[in-house]
Amino acid sequence: MSTRPPTIYVIDDDEQIRTLLGDICHDAGLEVKLFGSTDEFLVEQLSDGPSCLVLDVRFPGTAPTGLDLQRTLADSGVLVPIVFISGHSDIRTSVEAMKRGAVEFLPKPFREQEFLDAVRLGVERDRRRLERELVVRQAWQRFEELTSRERDILLLMAEGLVAKQIAARLNVSEVTVKVHRARMMRKLQLRSPIEVVRLVDSIRPNVATTRQGAVASNGAKSHVASSPSGLA
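Keep in mind that this is a model prediction, so the values were computed, not measured.

Here we look at the overall build of the protein
The number of helices and strands found in the protein is 10 helices and five strands. Here the protein holds 232 residues, and 44% of them are scored as buried. Counting only contacts in the protein whose residues sit at least 6 apart along the sequence, the fraction spanning at least 24 positions is 65%. Summed over all atoms, the accessible surface of the protein reaches about 12700 Å², with 49% contributed by carbon and sulfur.

As structure tokens, then:
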């Protein structure tokens, strides 16, 4: 997990407002970067630490709107939390922004404390996301250390099967299953079937193909083709 301080990205075409929000963030001990348009922001290399995007709704000319940028980021898998600010907001716009996952929608003018509360909420949300991603990466790394047979047994255990049922499914002896199960549990530092389920659930989208192979008949073995998408 990165130990970098939180970064706040402020996008507003009004230079006075940009500067004011930048000063508020600096005074609160936050690192801040200012942009006059969504186009400027799109070429920015984002921090690998927790962050929050403060985004105006409307921009002059042909620059993408705030909602356009929100959609673009979501479609690209960029999950930075967004706090919208706007002097020309309407209920429909604010509802759409919130439905798409915005942290807050603040109509201008707003109080400094309202702004800081929203930004800190966004930072905390991003911090928790980064922590979850770290857990998934670590779980995946541990999963990849298993042999193909150990993976099969792990996935079948997560389905609730006991040793006898796993042996029948994989067409091996129950003793063989117990030997591999003990080795697998030791490698993963797991102590109970509940912990097995939790680990598999944390990486479930990335082992779907492996799981299908594990439950196939005739002892078919599964293989994981690649690392988790977006977690490399």
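Having seen the model, we can carry on.
A closer look at the sheet that holds strand β5 (residues 104–107)
Here five strands make up an open sheet; going across it, the order is β2-β1-β3-β4-β5 and the pairing parallel. Each edge of the open sheet carries a strand with a single partner, namely β2 (31–35) and β5. Taken pair by pair, the neighbouring strands of this sheet meet at an average axis angle of 20°, ignoring direction. Sheet analysis places strand β1 (residues 7–11) next to strand β3 (residues 51–56), joined by five bridges and oriented parallel. Across the sheet, T7 pairs through a bridge with S51, a residue of β3. Here helix α1 (residues 15–27) sits on the sheet in contact with β1, β2, β3 and β4 (82–86), set at roughly 170° to β2.

Comments concerning helix α4 (residues 91–99)
Listing the buried residues of α4 in full gives T93, S94 and A97. When α4 is viewed along its axis, its buried side chains cluster within an angular range of 95° and face the same direction. In α4, the exposed positions that point more than 90 degrees away from the buried face belong to I91, R92 and K99. Looking at the buried side of α4, the elements it contacts are α3 (66–75), β4 and β5. Once α4 ends, the next one or two residues include G101, with phi positive near 105°.

A closer look at the packing of helix α6 (residues 148–158) against helix α8 (residues 174–188)
Working note: a packed helix pair is described by the angle between its axes plus the distance between those axes. At a minimum axis separation of 9 Å, α6 and α8 run at an interaxial angle of 85°. With respect to α8, the element α6 is oriented roughly perpendicular. Of the residues in α8, those in contact with R149, E150, I153, L154 and M157 of α6 are V177, H180, R181, R183, M184, M185, K187 and L188. For the contact of α6 with α8, the class distribution of residues is seven nonpolar, one polar and five charged.

Overview of the nonpolar core
By size, the foremost hydrophobic cluster in this structure holds 25 residues, and its most contacted members are L154, I166, M184, V196 and L199. Mapped onto this core, the elements with two or more residues apiece are α5 (112–144), α6, α7 (163–170), α8 and α9 (193–202). Take this core: its biggest share by element is six residues, from α6. In this structure, I8, L21, F110 and A118 belong to the second largest nonpolar core, which totals 19 residues.

Re the pattern of salt bridges
Charged atoms that come close allow side chains of opposite charge to pair. One pass over the full model with this rule turns up 13 salt bridges. Between K187 and E150 there is a salt bridge whose closest N-O contact spans 3.0 Å. Within this pair, whereas K187 is found in helix α8, its partner E150 is found in helix α6, the two being separated by 37 residues in sequence. Three or more residues joined by partner-sharing salt bridges are found here, namely D68, R71, E96 and R100.

Brief notes about the packing of aromatic side chains
Applying the stated rule across the entire model yields six aromatic pairs. In this structure an aromatic cluster arises from ring pairing among Y9, F35 and F41.

Things to note about the state of the cysteines
Summed over all chains, the structure comprises zero disulfides. With no disulfide of its own, C25 lies 8.6 Å from the sulfur of C52, the closest cysteine sulfur. What makes C25 buried here is its relative accessible area of 0%. On the basis of relative accessibility, which here comes to 0%, the residue C52 falls in the buried class.

Calculation rules
- Residues numbered from 1 in each chain as written.
- Predicted model: local features only at pLDDT ≥ 70, side-chain atom pairs only at ≥ 80, totals over all residues.
- Heavy atoms only, no water.
- Helix = DSSP H or I, 4+ residues; strand = E, 2+ residues; numbered from the N terminus.
- Buried < 20%, exposed > 50% of the residue type's maximum accessible area, 1.4 Å probe, protein only.
- Contact = heavy atoms within 4.5 Å.
- Areas by Shrake-Rupley, 256 points an atom, 1.4 Å probe, with all protein chains shown as cover.
- Pairing = 2+ DSSP bridges.
- Axes fitted to C-alpha atoms, helices over the stretch in contact; angles between N-to-C directions.
- Arc of directions from axis to C-beta.
- Parallel < 35°, antiparallel > 145°, perpendicular 65-115°, else oblique.
- Nonpolar A, V, L, I, M, F, W, Y, C, P; charged D, E, K, R; others polar.
- Core = buried A, V, L, I, M, F, W, Y, C linked by side-chain atoms within 4.5 Å.
- Salt bridge = Lys/Arg side-chain N within 4 Å of Asp/Glu carboxyl O.
- Phe/Tyr/Trp six-rings, centres within 6.5 Å; stacked < 30°, edge-to-face > 60°.
- Disulfide = S-S within 2.5 Å.

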